[in-house]
Amino acid sequence: RRSSWTVRLEGDDDQPSAIKRQIQFYFSDSNLPTDRFLRGEIAKHPEGYVPIALIASFNRMRILNATVPLIAEAARGAADLKVSDDGQLVKRV
């Protein structure tokens with residue numbers, strides 16, 4: 001049985017806000033404990049970074065037409081995330 005979902009833009013949300021909210025969710029206390037895949041990706045990097053290109057490949061990010069530069073910019077605006085200097089990696093702080 002397959003579940004269906006959609007990504008909604010809430011209220012006056014624009015694409016950058018929706019991308020920021022989604023990436024914050026991926027790295028949140030409510031998601032990480034149950035997300036084995038993402039925890040495994042975090043464990044692969046000595047500093048806990050995850051490739052933003054990987055995040056861009058997630059279904060909800062694809063629905064939002066999120067590119068690596070858009071995700072990097074959204075993550076830079078989140079206090080709980082850090083983007084690498086080259087804009088290719090993101091981690092929780």
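Residues numbered from 1 in each chain as written. Predicted model: local features only at pLDDT ≥ 70, side-chain atom pairs only at ≥ 80, totals over all residues. Heavy atoms only, no water.

Our focus in this paragraph is helix α5 (residues 68-76). All buried positions along α5 are accounted for by V68, I71, A72, A74 and A75. The arc that holds the buried residues of α5, viewed along the axis, is 165 degrees, so those residues lie on one side. Exposed residues lying more than 90 degrees from the buried face of α5 are P69 and E73. Buried residues along α5 sit in contact with α1 (15-26), α3 (52-56), α4 (59-63), β2 (81-83) and β3 (89-92). (Buried < 20%, exposed > 50% of the residue type's maximum accessible area, 1.4 Å probe, protein only. Helix = DSSP H or I, 4+ residues; strand = E, 2+ residues; numbered from the N terminus. Arc of directions from axis to C-beta. Contact = heavy atoms within 4.5 Å.)

It is worth spelling out the packing of aromatic side chains at this point. Taken as a whole, this structure holds three aromatic pairs when the rule is applied. Between the aromatic rings of F25 and Y26, the centroid separation amounts to 6.3 Å while the plane-to-plane angle is 55 degrees, which identifies the pairing as tilted. The interplanar angle of 85 degrees and the centroid separation of 5.1 Å between the aromatic rings of Y26 and F58 together place this pair among those described as edge-to-face. With Y26 in helix α1 and F58 in the loop between α3 and α4, the pair connects residues that are 32 residues apart, well separated along the chain. Comparing Y26 with F58, the two get one shared label, buried. Clustering of aromatic rings is evident, with ring pairs tying together F25, Y26, F37 and F58. (Phe/Tyr/Trp six-rings, centres within 6.5 Å; stacked < 30°, edge-to-face > 60°.)

Quick look at the environment of L38 now. On the secondary structure map, L38 appears in helix α2 (residues 36-44). Under the relative-accessibility criterion, L38 is labelled buried at 0%. Between the alpha carbons of L38 and F27 there is a distance of 8.4 Å; along the sequence they are eleven residues apart. With residues near it in sequence (within four places) discarded, L38 still touches Y26, N31, L32, V50 and I55.

Here N31 lies in the loop between α1 and α2. The class of N31 is buried, set by a relative accessible area of 10%. If sequence neighbours within four positions are ignored, N31 has contacts with F25, Y26 and L38.

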